[in-house]
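So you can see what is in the structure, the chains are spelled out below.
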Amino acid sequence: DEFRVYSGSNPHELANALQNAIRDVQSTVKKIPNLQSIHLGFSVGIASMKGYPNPEMNVRSAYDWLTHVSDQAGYTAKRTGRNKIVIATPSNKIK
């Protein structure tokens, strides 16, 4: 699956928290009795308002920008190996 995440806080702290939560879920699923086989994968793109290029723009423009940048980050995560979290940097480039 792919997820789009908007962060008003430190995106690196959010990425660490997400990674830990995903590992917990994966670990818990492995312990389910009589479970034949399941693969849980993830690709996450994170965009932060700290990188928003123009604070004067309206809310819709901010939402569109965050959606675009987090989508780019998510697709980069998927293309570069899956099971990754990619954070969009303030310059609108992907890190």
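Each value, and the rule that gives it
- Residues numbered from 1 in each chain as written.
- Predicted model: local features only at pLDDT ≥ 70, side-chain atom pairs only at ≥ 80, totals over all residues.
- Heavy atoms only, no water.
- Helix = DSSP H or I, 4+ residues; strand = E, 2+ residues; numbered from the N terminus.
- Buried < 20%, exposed > 50% of the residue type's maximum accessible area, 1.4 Å probe, protein only.
- Contact = heavy atoms within 4.5 Å.
- Areas by Shrake-Rupley, 256 points an atom, 1.4 Å probe, with all protein chains shown as cover.
- Core = buried A, V, L, I, M, F, W, Y, C linked by side-chain atoms within 4.5 Å.
- Expected span 1.5 Å × (residues − 1).
- Arc of directions from axis to C-beta.
- pLDDT = per-residue confidence, 0-100.

Draft legend 1. Just the overall build of the protein, in detail. Of the regular secondary structure elements, the protein holds two helices and three strands. Ordered by position in the sequence, the α and β elements of the protein form the string β-α-β-α-β. For the protein, with 95 residues in total, the buried portion stands at 31%. Restricting the contact set of the protein to residue pairs at least 6 apart, pairs at least 24 apart contribute 66%. Of the roughly 6500 Å² that the protein leaves accessible, carbon and sulfur atoms contribute 52%.

Draft legend 2. Region of the structure containing the nonpolar core. Ala47, Trp65, Leu66, Val69, Ala73, Ala77, Val86 and Ala88 form the largest nonpolar core, which has eight residues in total. Here this core takes five residues from helix 2 (residues 59-79), the largest share from any one element. By size, the runner-up hydrophobic cluster in this structure holds six residues, among which are Ala15, Ile22, Phe42 and Ile46.

Draft legend 3. How the structure looks around helix 1 (residues 11-30). The end-to-end C-alpha distance of helix 1, which contains 20 residues, comes to 29 Å, matching closely the 28 Å that a straight helix rising 1.5 Å per residue would cover. Every buried residue of helix 1 is accounted for by Pro11, Ala15, Ile22 and Val29. Seen along its axis, helix 1 keeps its buried residues to an arc of 55 degrees; they face one direction. Facing away from the buried surface of helix 1 by more than 90 degrees, the exposed residues are Glu13, Asp24 and Thr28.

Draft legend 4. Region of the structure containing the environment of Ile22. Mapping Ile22 onto the fold places it in helix 1. Between the C-alpha atom of Ile22 and that of Phe42, which follows or precedes it by 20 residues, the distance is 8.3 Å. With sequence-adjacent residues up to four places away left out, Ile22 is seen in contact with Phe42 and Val44.

Draft legend 5. Structural detail: the confidence of the model for the protein. Averaged over all residues, the pLDDT of the protein equals 76, while 75% of them reach at least 70. Taking the mean pLDDT of every element in the protein, the minimum, 64, falls on strand 1 (residues 2-7) and the maximum, 86, on strand 3 (residues 84-87).

Draft legend 6. Fine view of the environment of Ala73. When you line up the elements, Ala73 lands in helix 2. With relative accessibility at 0%, the residue Ala73 sits in the buried group. Separated by 14 residues in the primary sequence, Ala73 and Ile87 have C-alpha atoms spaced 6.2 Å apart.

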